[in-house]
Structure formats: structure tokens, C-alpha cells
Amino acid sequence: MNPVRLSLPLQRQALGRCRQWRCCHSAAQIYQDNTTVKPSARRGFSNSSSVPSALRSILHISDEVTEAVAANKPVVALESTIYTHGALGKDLAKEHEQLVRSHGGIPAIIAIVDGVPKVGVSTEEILRLIESEGTVKVSRRDISYLVGMGLTGRKIHGGTTIAGTMLLARLAGIRVFGTGGLGGVHRGGENSMDVSADLTELGRTRVAVVSSGCKGFLDIPRTLEFLETQGCLVSTFADGRTGEIDFPAFWARDSGTKSPSIVYNEKEAAAMILAQEQLGIESGLFFANPIPEEFGIPATEMKAAIEQAIAEANEKGFTGSTNTPYILSRLKQIAGDSVVVANKALVRANLVRATNIAVELSRMLSPETQPTTSSNVYHASPKVQPKPTPPVESKTDILVAGSVAIDLSCDYSTSKAGDIAPQAHVSNPAHISQSIGGVGHNVALAAHLVSREAQVKLCSMVGDDVAGSTVISSLQASGLDTTYIRKLGHEYHPSCRTAQYVAVNDGSKNLVLAMADMGIFSDNSFPEYWTSAVAATKPKWLVVDGNWSAADVKNWISAGKQHACSVAFEPVSAEKSRRLFSPHKGRPALRIFPHASIDLASPNTYELQAMYSAAKENGYLDSAEWFEVIDAFNMRGARDKFVRLTSADLTDAGVPVQTIQLLPYIPTIVTKLGAEGALLTTILKPDDPRLRDRDTEEFILTRSVPGHPTVGGILMRLYPPAERVENIVSVNGIGDTFLGVLVSGLAQGGRVDHLIDVAQSGARLSLKCHESVSPDLNRLEDQLSRAALLL
């Protein structure tokens, strides 16, 4: 699907905002490949649920609907259970689509087709769903099940209910949804807790639903009370009447229960939707549209039939999701064709009403009718609708699951000789630069730049804000795949801001203090999505950084091992490194060598100390399995060996012994020592040729007892720095660059001890440039390829 460019006025405004962020990217890079929105959308009135780019591989939206939503055209969502489970005729979907179009709207039928959630389903696909015996009813709770089964090859069809349709419509950016009748609180629901998921969906998903109220066999007063508790606006169309208006009861125009509020025309309804959006209120809106008078069935006439059907349903045990279908079927038998005629008429009336509302809303969003707002009102950034693509499996060498952020680097600058340290509690002169960073981004970019052949993908999250759009544009400009960058609006969590990192460095460019706002990663969790990302990409190496919550670090690692990936862990910081060894009650414990959950970690000495302390405090170093591996190392006279292979200072600092203690959980640890180089500590299996290689003999720390089935020995090697860098430009990102280059070589089949020198050369290049990752890493491509081929 070809992206549509942003309109020029919107580009200019977006670029203006980006300059406030001190964006260092050119205008051509900003908003590259995003779809267009009308200028009115820049005022904050577009639907805030734009499809995150990471969802493109799961959620499929037709070209027509995508372009219509982006241009604020009148799109109307239609549920599919009305066709798949409604028994009102096979041609009903086509009829409804034509009805919406005839009133100036664009129909968007929503369903699950072959395990894929689709917005804008064709009538041919609806016929497939109707004719399939395996088509199921899909509410919110069922969507991930069907889509997850689809990702594993089990293709299931699903007709979406009001709740399921609302959720997918919201993700697609559709504001208005027309349907038949709303689910509600069943009679006796105060005891049975039989409450339709439609009601809770209206409490949390900002979509305007137009229907003919609740079916008369439900408890309408309790339904309205429930909706009030959920914070859902309920308003009934007066439809030519004056005074107090009843909430409708589906077949009957009156229910005996007064409507909470009244709306007199579609323009008023559209204004309410606009106000809800502008105020950022995330609950839904329910507009009750009474059945046309000529087709309405008086409540007194329906009462006897309803009571009979309810009694039979209770007697036969039809409860929960089976209750409503049974009662509807019996009412059709008891009351005859009048019920069928009424059903068809009210749905048609609701679709016309919904289309008219969508048309009015589209007019309000047009530039000519857009109201002027005061300058002190905050306006959300444009909500852009990326083009969706169907889920595909593609060759991936490296999947990096980690952070992407706006980086600010503040370098202390003074003319006083010998003055290199900024002063506390005062303003300091500095040179401040901005770039796109984040540990995950840096690792992925380094792996991508150092090898043109490597297929690298980044799975991360950004906020639905200007910074997020800038990040995505930058990633695309650098050539990184953005399929799995998930864009989150505030409907997920108030912390859904694009991450930011501020580093304060002294006059020698050494880090003094850093502040990071990474709440978007620690406060939002989508474990099913993480698993699907790994399943779809099947990478050789999965790199997980410590910015995720402790639970999600484990979720990512588990997903990697489930799909046979090698897993690397980048600790990020001393505090975040502890998440790997967090208390494991309720979470899967890390597995032990030779089936370790982690294959490689690259901590600095502070992170290594923190990881070791967390492992010790939380009982990881007390298990019987851990002792079995430690005993297999056959350690004797360790201190003298540590001093010989590293140094007395490193030994006294505890670095060698901490790596040994963690090896059962992380069989290869590359400890970054800054200006002192890097220390490799790794378990060798009994058949590893390095145990018999004269060139590596001096680096063998210990050999296992003869005949041990899994442990052959330990290699410990100190690598001096590839080169001393005198004029350091920036230290930000050097550790990330190191790991990115290292993993890129490992993905080519290289051996870690042959790759460390090249990885250090990559880190040295990043030390010499202002950006977190040096664009000159491609100069190392041939060197890395040669190192990866060494035996």
C-alpha cells in the first residue's frame, strides 16, 4: 500500500514543533511515509487512536477506510455478528454498505477473517464467514485468541460484537459506529453478574455507538445505571418529540425508563463527539435511536412474548452468551414476521442516523468550519493513520526489543584552565545537542550500519506525539524497519510520552549525571504482542534491554527461547540491570546452563555488581542447579588465576568472581571496562576446540572434572582497548554500539572472542562523533565479516 504525503500546511506545523525539540533531521526526513490528514486534524480533533506502526502486521485496514479516516471523511463502522449470527439474510451486508454510501458515508464492516482482524471487510468475505460453520462470535476478550491462533497457522473466522467492533474501530481511527441493539444487564444480573461486555467497552473505548437501545427482555434501568457508572454518555434522539423522552427498548420506542439526556439532531450528536475528543475523555458515547414509528411494536404487545421466551431460556439453561440468541430466536417464532421486519427496519434507521452524524462531524472537521480556539488550550499532535499491512513472516537476523528516545547531551563548557567539572546547584555553561537515541535504538542501528546484509528490526514504543513522529521518521531515514514500533496514545496510560534521556557530561565528556524518562516502557505491557513479534520474525538473535519492566524482561526472554532464538541482555543501568534477577514469584525463573535463558550479557562493572547483588539477594545463587554448575567449574586457587588473567585491581573489585557466579545463568558475559577494554568470561562445553587450542591455552581459567557432560571449562580473557581516544566527542551510546556490532557478528555465525576487537573499534568510532551511533560503522563491515569467518 502506497503512503500518502502530509499536506504542506501540516508539514510546516509539524516541523515547527520539531524545531522546538531541537530536531537535527531535515524536513525531508520528518514525516516521511506517513499518511495525510486534513489541516483540521492538526487542531487536535482527529481521532487519537491512530494505528501504531507496530500493529501494521496484525491489524488490516482497507485502503478506502485508511484514506478516508486520514482525510476525516464520514466513515461508519458496522459490526459483523449481525450478519454471521443474525439470520437476517445473506445479502444484508451488501444492502447496508449501499445504504451508508447513498447517504454520503463510507462503510467499514469489521470482522476477523482467517485469524486476521480486518476493518473494511468485503461483502465476499462476509459471505465466507456466513457460510463457514466455524465462524465464532468475537467480543474484546476473544480478539487476541483468534489473532494469536492465526499467527500460529490456525485460521478462525469471527463476527465481531459491539464490544469487539468498538475496539477495532478505535484502533483504526473510526469515530462512529451504527448497529442494531445494545447488550445490557440481564434480568437477575445483580446476582448472576450477567452483564454484556458492550457496557464496559463503552466505558473505556471512545467510539460513538448508534443503536435502538436495549432489547426489551433486558433490565434496562440497571443497564443505564451501569453505563452511568462506566462514565458513558447516553443520549436519546427526540425524533420529533418534546418533553421527557424514554430510552428506547429496541422493538418499542418507549421502555418506561427516562433517557439520561436528549439529542435533537445529528449536528448536536457530532458536536458531542467533537467535544469528547477535544477534552480527551476516553469513554464511549451511546446515542439511542428509537425504531421508526411505523415499524415499532408497542411494549405491551411484546411483553407476553418476552416473558415466555425468558422463562423458556431459564428453564432450558440458556445463560451468558447463549441467552440472547435463544430469546431472539424464540421471539421470532412467537411474535412472527413483525419481529424480523422491525429488526431490519431499526438497523437501517440506525445506519442512516450514524451516517448523518459522521457527515456532520466531517463538516465540523473541515478547515472552513473549524472553530477558532484560544492559544492557551493544549492541542494534541496530528493523529496519522499509517497504512496497515497483513502479517507476514520475514527473514530477520536480529530483533532488538528495547527503548528508543529523544537524547539530549549536555557537555560542560568553560574557558577556565583545568576546570572540567560542572558545579552543583547553579547554571553551568554547556554545549547541548539532540539526537535520536535509546539503548534499543542504538543497538539496532549499530547492528544495521555495520552490516548491509544483516536484517535488523527494532521492537519498541513511542508516544502519539510530535517526538514519536520524529523518532519514526528518523528510523525510516536510517533504513531501520519500523514495523514493530508501537505508537501509544494516552488511552493506554498517562505515561505514554515518547521516552527522553538527558545526559550531563563534564569537560572531558565523561558522564556526570543522567536523567531518563522511560515510563512508557515500564508502565505498559503487551506480552502477547511481544510473543507475536518474535514468532513473526524468528530472529537468530533477540536483544532485550533493561528498560522494560521486570515482568516484561522475563516475557521477552521467554518468547525468545520459545522460538529458539539466542538471547542477549543489555542491562542499561545499574538499577535496571537488577530486573533480570528480580524476585521470581509469579514469574518464570531464569533457566540454568546448559539450557540457560540468556546466552550473552554486556554489563559494565557497575551493572555487573548490581546484577550479582540482585541474584544473591533474591535466591538465585542458592539453588541446587546453580551449585551443580558451579561445582562443575572445578575452581581451585581462583585469586591467583584471576590476577594473572585480568589484574589485581579488577580482582580486588570482585569483577572476575562476580562473572563466575553469574555464568550458570548467563554462559557468556562481556564486561565493558571503559578505557581498560573488555573482559570476556564464557563457559566452554566439553567438545569446544578452544580447550585444546594452543593459542587460547593461556586464557583457560579452569577445566572441568573429566567426563562432565556439559561443562568443559571456563575461558577468561581481558581485551585491551583497540585504541586510546584522546579527543572524545561523546560517550553516549558507545556501550550500545559495542553490543550492536558484537551481535551483528554473532548473527553471521562468528565467535564472540573473535568479534570483541571489532566491537571495540565500533565503540571507538562512536566516541569520536556527536551522535550516539557513528554513521561510519560501515567502514568496519569487511573487518567484521572476516572476524565472523574465523574458526
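Note that the structure is a prediction, hence the values are computed from the model and not measured. (Residues numbered from 1 in each chain as written. Predicted model: local features only at pLDDT ≥ 70, side-chain atom pairs only at ≥ 80, totals over all residues. Heavy atoms only, no water.)

Participant: Is there a simple way to explain the overall build of the protein in this structure?
Facilitator: Broken down by element type, the protein carries 28 helices and 25 strands. Of all 791 residues assigned to the protein, the portion counted as buried reaches 58%. A separation threshold of at least 6 residues defines the contact pool for the protein, and within that pool the share at least 24 residues apart is 78%. (Helix = DSSP H or I, 4+ residues; strand = E, 2+ residues; numbered from the N terminus. Buried < 20%, exposed > 50% of the residue type's maximum accessible area, 1.4 Å probe, protein only. Contact = heavy atoms within 4.5 Å.)

Participant: Can you walk me through helix α15 (residues 439-449) in this structure?
Facilitator: Helical periodicity: at 3.6 residues per turn, an α-helix aligns residues three or four positions apart in one direction. For α15, the tally of buried residues reaches nine of 11 residues, placing the bulk of the element in the interior. Along α15, the residues classified as buried are V439, G440, H441, N442, V443, A444, L445, A446 and A447.

Participant: Any chance you could explain the pairing of strand β23 (residues 678-684) here in plain terms?
Facilitator: Two faces, one strand: in a regular strand the side chains alternate between the faces of the sheet. A large share of β23 lies buried, amounting to seven of its seven residues. Judged by which residues are buried, β23 turns out to be covered on both faces: A678, L680, T682 and L684 on one side and L679, T681 and I683 on the other are all buried. For strand β22 (residues 668-672) and β23, the ladder comprises five bridges, and the chain directions are antiparallel. The partner of T671 across the bridge, within β23, is L679. Between the antiparallel neighbours β22 and β23 lie five residues, among them G674 with a positive phi of about 65°. (Pairing = 2+ DSSP bridges.)

Participant: Sorry, what's going on with the pattern of salt bridges here?
Facilitator: Between side chains of opposite charge, pairing is possible as soon as their charged atoms come close. Here the structure, examined in full by the defined rule, presents 30 salt bridges. As a salt-bridge pair, D239 and R253 come within 3.1 Å of each other at their nearest N and O atoms. Of this pair, D239 sits in the loop between β9 (233-237) and β10 (262-263) while R253 sits in the loop between β9 and β10, and the two are 14 residues apart along the sequence. Residue R253 is classed as buried on the basis of its relative accessible area of 13%. (Salt bridge = Lys/Arg side-chain N within 4 Å of Asp/Glu carboxyl O.)

Participant: Before we go on, may I ask you to explain the side chain of T737 in this structure?
Facilitator: Tracing the chain through its elements places T737 in helix α26 (residues 734-747). For T737, the side chain forms a polar contact with the side chain of S766, separated by 2.9 Å. In contact with T737, other than residues within four places in its own chain, are A446, G762, A763, S766, S772, V773 and L777. (Polar contact = N/O pair within 3.5 Å; in protein donor to acceptor, adjacent residues only side chain to side chain.)

Participant: It is not clear to me how empty space enclosed by the protein should be interpreted in this structure. Could you clarify?
Facilitator: Gaps between atoms show up when a probe of the same size as a water molecule is rolled over them. In this structure the tally under the stated criterion is seven cavities of 30 Å³ or more. Estimates place the volume of the largest cavity at around 110 Å³. K73, P74, V75, R175 and L361 are the residues nearest the centre of the largest cavity, which is lined by 14 residues in total. When residues of the lining of the largest cavity are assigned to their parent elements, the largest contribution, four residues, is made by helix α14 (residues 337-365). For the lining of the largest cavity, the class distribution of residues is nine nonpolar, three polar and two charged. The residues that make up the lining of the largest cavity include at least three from each of domain 1 (49-174) and domain 2 (184-366). (1 Å grid on protein atoms, 1.4 Å probe; cavity = no way out; pocket = protein on both sides within 12 Å on 5 of 7 lines; lining within 4 Å. Points joined across faces, edges and corners; volume = space filled by probe spheres on them. Nonpolar A, V, L, I, M, F, W, Y, C, P; charged D, E, K, R; others polar. Domains from an automatic or database assignment.)

Participant: What is the right way to look at the confidence of the model for the protein in this model?
Facilitator: Any region with low pLDDT has predicted coordinates that should not be read closely. Mean pLDDT over the protein stands at 83; residues scoring 70 or higher make up 84%. With pLDDT under 50 throughout, residues 368-393 is counted as low confidence; its partners more than four residues away or in other chains account for 84 contacts. (pLDDT = per-residue confidence, 0-100.)

Participant: Would you take a moment to explain the sheet that holds strand β17 (residues 499-505) for this structure?
Facilitator: Paired through backbone hydrogen bonds, the strands of a sheet run either parallel or antiparallel to each other. Taken together, four strands build an open sheet; the order of strands is β14-β13-β17-β18 and the sheet is mixed. The open sheet has two edge strands with one neighbour each: β14 (430-437) and β18 (511-517). Neighbouring strand axes in the sheet, compared pairwise and without regard to direction, differ in orientation by 15° on average. Pairing of strand β13 (residues 405-412) with β14 involves eight bridges; the strand directions are antiparallel. Bridging across to β14, L408 finds its partner in Q434. (Axes fitted to C-alpha atoms, helices over the stretch in contact; angles between N-to-C directions.)

Participant: Can you walk me through the nonpolar core in this structure?
Facilitator: Counting residues in each nonpolar core, the largest one holds 109 residues, and the members touching the most others are V119, I174, W556, L580 and F581. With seven residues, helix α7 (residues 162-172) is the single largest residue contributor to this core. Contacts of V119, omitting those with residues within four sequence positions, involve L59, H60, I61, S62, V65, A108, I109, I110, L168, A172 and I174. The next biggest cluster of nonpolar side chains, apart from the first, holds 55 residues, and it includes V450, A467, L680 and L780. (Core = buried A, V, L, I, M, F, W, Y, C linked by side-chain atoms within 4.5 Å.)

Participant: Which parts of the structure should I look at to understand the packing of aromatic side chains?
Facilitator: Ring pairs (aromatic) are described by centroid distance and by the angle formed between their planes. Applying the stated rule across the entire model yields 12 aromatic pairs. When the ring of F237 is compared with that of F287, the centres are 6.2 Å apart and the planes differ by 50°; the resulting orientation is tilted. Here F287 lies in strand β11 (residues 285-288) and F237 lies in strand β9, a separation of 50 residues in the sequence. Judged by its relative accessible area of 1%, F237 is buried. Among the aromatic side chains, those forming a connected cluster through ring pairs are F521, F526, W530, W548 and W556. Between R353 and the ring centre of F237, over which it is positioned, the NZ or CZ distance is 4.0 Å. Just above the ring of F526 sits the side chain of R486; from NZ or CZ to the centre is 3.8 Å. (Phe/Tyr/Trp six-rings, centres within 6.5 Å; stacked < 30°, edge-to-face > 60°. Lys NZ or Arg CZ within 6 Å of the ring centre and 35° of its normal.)

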